[in-house]
Amino acid sequence: RLIAGLPRRHERWVFPDQAAIARDQTQRPKLSVYFGRILRRLGIHGKSFHCLRHTFATRRSALGDSIDEIRAKMGHTSAATTAGYVHA
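All values derive from a computational prediction rather than experimental measurement. (Residues numbered from 1 in each chain as written. Predicted model: local features only at pLDDT ≥ 70, side-chain atom pairs only at ≥ 80, totals over all residues. Heavy atoms only, no water.)

**Quick notes on the pattern of salt bridges**
Here is step 1 of the chain: Summed over the entire model, instances satisfying the criterion amount to 3 salt bridges.
Here is step 2 of the chain: The salt bridge involving Asp65 is made with Lys73; its shortest N-O contact spans 2.7 Å.
Here is step 3 of the chain: You can call Asp65 buried: its relative accessible area is 13%.
Here is step 4 of the chain: Classification of Lys73 as partly exposed rests on a relative accessible area of 48%.
Here is step 5 of the chain: Here Arg71 makes a salt bridge to Asp68, at a shortest N to O gap of 2.8 Å. Of this pair, Arg71 and Asp68 both sit in helix H4 (residues 67–74), 3 residues apart, which is roughly one turn of the helix.
Here is step 6 of the chain: A network of salt bridges, in which partner residues are shared, links Arg60, Asp65 and Lys73. (Salt bridge = Lys/Arg side-chain N within 4 Å of Asp/Glu carboxyl O. Buried < 20%, exposed > 50% of the residue type's maximum accessible area, 1.4 Å probe, protein only. Helix = DSSP H or I, 4+ residues; strand = E, 2+ residues; numbered from the N terminus.)

**Section: the environment of Asp65**
Here is step 1 of the chain: Mapped onto the fold, Asp65 is located in the loop between helix H3 (51–62) and H4.
Here is step 2 of the chain: Polar side-chain contacts of Asp65 include one of 2.8 Å to the side chain of Arg60.
Here is step 3 of the chain: Here the side chain of Asp65 touches Lys73 through a polar contact of 2.7 Å, side chain to side chain. (Polar contact = N/O pair within 3.5 Å; in protein donor to acceptor, adjacent residues only side chain to side chain.)

**Brief notes about helix H2 (residues 29–42)**
Here is step 1 of the chain: Here H2 spans 20 Å end to end across 14 residues, near enough to the 20 Å set by a 1.5 Å rise per residue.
Here is step 2 of the chain: When H2 is considered as a whole, its buried residues turn out to be Leu31, Phe35, Gly36 and Leu39. All buried residues of H2 project into a common sector of 135° when viewed along the axis, lining one side. Set apart from the buried face of H2 by more than 90 degrees, the exposed residues are Pro29, Arg40 and Arg41.
Here is step 3 of the chain: On its buried face, H2 sits against helix H1 (19–23) and H3.
Here is step 4 of the chain: Directly beyond the C-terminal end of H2, a positive phi value near 80° is found at Gly43. (Expected span 1.5 Å × (residues − 1). Arc of directions from axis to C-beta. Contact = heavy atoms within 4.5 Å.)

**As for the packing of H3 against H4**
Here is step 1 of the chain: Interaxial distance between H3 and H4 falls to 10 Å at its minimum, and their mutual angle equals 145°. Here H3 runs over H4; the crossing is right-handed. Across the interface between the two elements, Arg53, Phe56, Ala57, Arg60 and Ser61 of H3 pack against Ile70, Lys73 and Met74 of H4.
Here is step 2 of the chain: Here the contact of H3 with H4 is composed, by residue class, of 4 nonpolar, 1 polar and 3 charged. (Axes fitted to C-alpha atoms, helices over the stretch in contact; angles between N-to-C directions. Left-handed = near helix turned anticlockwise from the far one by under 90°. Nonpolar A, V, L, I, M, F, W, Y, C, P; charged D, E, K, R; others polar.)

Below, the structure written as structure tokens:
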């Protein structure tokens, strides 16, 4: 709920200031570290940056996107992989 309550500042990126890091695969693990620190400061345990991918897929499905549409948005090659991210 805390993440969903963040104001939308960019149509694609949750953290637009970190977009350059997200595009660089050698730097991408930093985002997970930063996110983990934020969660710990908020007292949230048992969640990770990866949980955002599950949330995204599940919410897009609830909004009516097909598995193939979600697959394309997530960059998966297999719809079966995407289906594993969608929780009903």
